[in-house]
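Coordinate analysis (summary)
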Amino acid sequence: RLSPKALNSCIKSVEGLRLYNNGTQTRNLFSYTNSRIQRFRNGSSSYRQLVTSSATSQQHDAVTHEPPLNDPRVPITVITGFLGSGKTTLLNHVLTAEHGKRIAVIENEYGEVDIDGSLVAVQKTGTEDIMMLNNGCLCCTVRGDLVRMIKELLKKKRDKFDHILIETTGLANPSPIIQTFYMEESLVHHVKLDGVVTLVDAKHAPQHLDEVKPAGIVNEAVEQIAYADRILLNKIDLVGEPELDALSHRIKRINEMARIKRTKFGVVDMDFVLGVGGFDVERVVSDITQPAAVESSKDEHSHDHDEQSHEHEHHHDHDHEHSHGNGHAGHEHTHHHDPGVSSLSIQCEGSLDLEKVDDWLGNLVQENADDLYRMKGVLSIEGVETQFIFQGVHALLDGINGRPWRKDEKRTNKIVFIGKNLDKELIKKSFFDCLVPAKKTVLSARG
Ligand SMILES: Nc1nc2c(ncn2[C@@H]2O[C@H](COP(=O)(O)OP(=O)(O)OP(=O)(O)O)[C@@H](O)[C@H]2O)c(=O)[nH]1
């Protein structure tokens, strides 16, 4: 539950957004945001938390989709991954690579750790701003410490860094850490989550993903993949191609939004891990529709193995195959489902009835807040000339009006959800029910 103080700030940011939107159009999907916040405030709803975050949305240029240039908030990258997957190795690589950024580091380790020993980069670069959180796990007991530490960094050393990296323990669940940056009133205007980068140990991940936990206990290895914007399939020197392919497919079934690269000792281009904008609603369109073309052409000349480009080729073939279908909800991947956490992607042409989709998204988020990990979407609303773009984490939802649809362009809705125990059939059916009937042409729905 939100504290009254935090809730108040959420309402303020929602109202700011409404004002912004009122300036450009009279009716928009944020009506549900406001009404539900209102119901929450009146105590008539069990709604947990619904926030449209940050100054970003208010400053957004509805035409370009680019994040605002003058965003003063410090980007934060969370590096996570199971025990021994290569987090510190990646951190060393980032700290010693050429990227022109000054980086402050917060490392979360259990117990006393020799920073200089584990971070050779400290000796090489003289990086000063490394802070340790070692009296517990970030996602459980020391979130307050994390907030205090970031505030201290901002207060005392703000002119010394332009990016913050947080390395979690190997057993951290990223969800509470992510939500901290949305919910913590004292931070939301000063820092923004840039991305969650997850290291996956190519050799040992399958056994960690297989591990069956007692009821109510999350499998951290699965959660770390599910919340990721970027995945480094690391230690590829230790396994063969078939194992890598099998693991890549497994990862994609859990999280089809994240881009994946195969790495040795965490060596990767810096722009793959820094400046990712994974939580920027302005980047949703390119995140869920455009990366394939760019990456596959680049990939041909690169020694990095980028899984996303290959997956996307498959994806588009797949869409194409079904674009001539008969309007059914599309093909289901029935093989090898990881029970529990997985992705659902829906793509269809046509326009959506505003009120229906407004209710649909609001109710979905409300009823599945705990189980909906991440979502991104581009929607076509009947009678509205601009795209509607949203992204969310659990019940924290952020949306904007995007660029106008071009006259010669097919209005294609695309949504990706990552979540646990999602009733995919129900979600798909209820989404398709929002389409204005005459214009319903389903391209694909899978997951
Ligand atoms: N063979 C191989 N070893 C690697 C690779 N990446 C990292 N390692 C080694 O794996 C071990 C663990 O790497 P770390 O970077 O400490 O892993 P970590 O995720 O920070 O570990 P914890 O903090 O214990 O969770 C170290 O000995 C690394 O040198 C890789 O790509 N291939």
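Higher on the page you've got the structure.
Residues numbered from 1 in each chain as written. Predicted model: local features only at pLDDT ≥ 70, side-chain atom pairs only at ≥ 80, totals over all residues. Heavy atoms only, no water.

What follows covers the overall build of the protein chain. On a plain count of helices and strands, the protein chain comes out with 17 helices and 14 strands. The buried share of the protein chain, taken over its 447 residues, is 58%. Of the contacts made within the protein chain by residues no fewer than 6 positions apart, 79% connect residues no fewer than 24 positions apart. For the protein chain, the computed accessible surface area is about 19,000 Å², with 51% contributed by carbon and sulfur atoms. (Helix = DSSP H or I, 4+ residues; strand = E, 2+ residues; numbered from the N terminus. Buried < 20%, exposed > 50% of the residue type's maximum accessible area, 1.4 Å probe, protein only. Contact = heavy atoms within 4.5 Å. Areas by Shrake-Rupley, 256 points an atom, 1.4 Å probe, with all protein chains shown as cover.)

The next point concerns the pattern of salt bridges. Within the structure shown, the criterion is met by 17 salt bridges. Here Glu220 ties to Lys213 by a salt bridge, and the two come within 3.4 Å at their closest N and O atoms. For Glu220, a relative accessible area of 13% corresponds to the buried category. In this structure, Glu409 engages Arg406 in a salt bridge whose closest nitrogen and oxygen atoms are separated by 3.7 Å. Taken together, the shared-partner salt bridges connect Lys192, Asp280 and Arg283 into one network. (Salt bridge = Lys/Arg side-chain N within 4 Å of Asp/Glu carboxyl O.)

Attention shifts here to the site of the ligand. Near the ligand lie 16 residues; those nearest to it are Lys87, Thr88, Thr89, Asp237 and Phe265. At 3.0 Å, a backbone N or O of Gly86 approaches an oxygen atom of the ligand. Between an oxygen atom of the ligand and a side-chain N or O atom of Thr89, the distance comes to 2.5 Å. Considering the ligand on its own, with 650 Å² of exposed area, one finds that the protein chains cover 69% of that surface. In terms of residues, the shell around the ligand owes the most to one element, helix H4 (residues 87-96), which gives three residues. Considering only residue class, the shell around the ligand consists of four nonpolar, six polar and six charged. (Near = heavy atom within 4 Å. Polar contact = N/O pair within 3.5 Å; in protein donor to acceptor, adjacent residues only side chain to side chain. Nonpolar A, V, L, I, M, F, W, Y, C, P; charged D, E, K, R; others polar.)

The tally for this structure, following the rule as stated, stands at five aromatic pairs. Ring geometry for Trp360 against Phe417: centres 6.1 Å apart, planes inclined by 65°, an arrangement best described as edge-to-face. With Trp360 in helix H16 (residues 354-367) and Phe417 in strand S13 (residues 412-420), this pair connects stretches of sequence that are 57 residues apart. Through pairs of rings, three or more aromatic residues link up here, namely Trp360, Phe417, Phe431 and Phe432. The ring of Phe272 has Arg230 sitting right over it, with the charged end atom 5.3 Å from the ring centre. (Phe/Tyr/Trp six-rings, centres within 6.5 Å; stacked < 30°, edge-to-face > 60°. Lys NZ or Arg CZ within 6 Å of the ring centre and 35° of its normal.)

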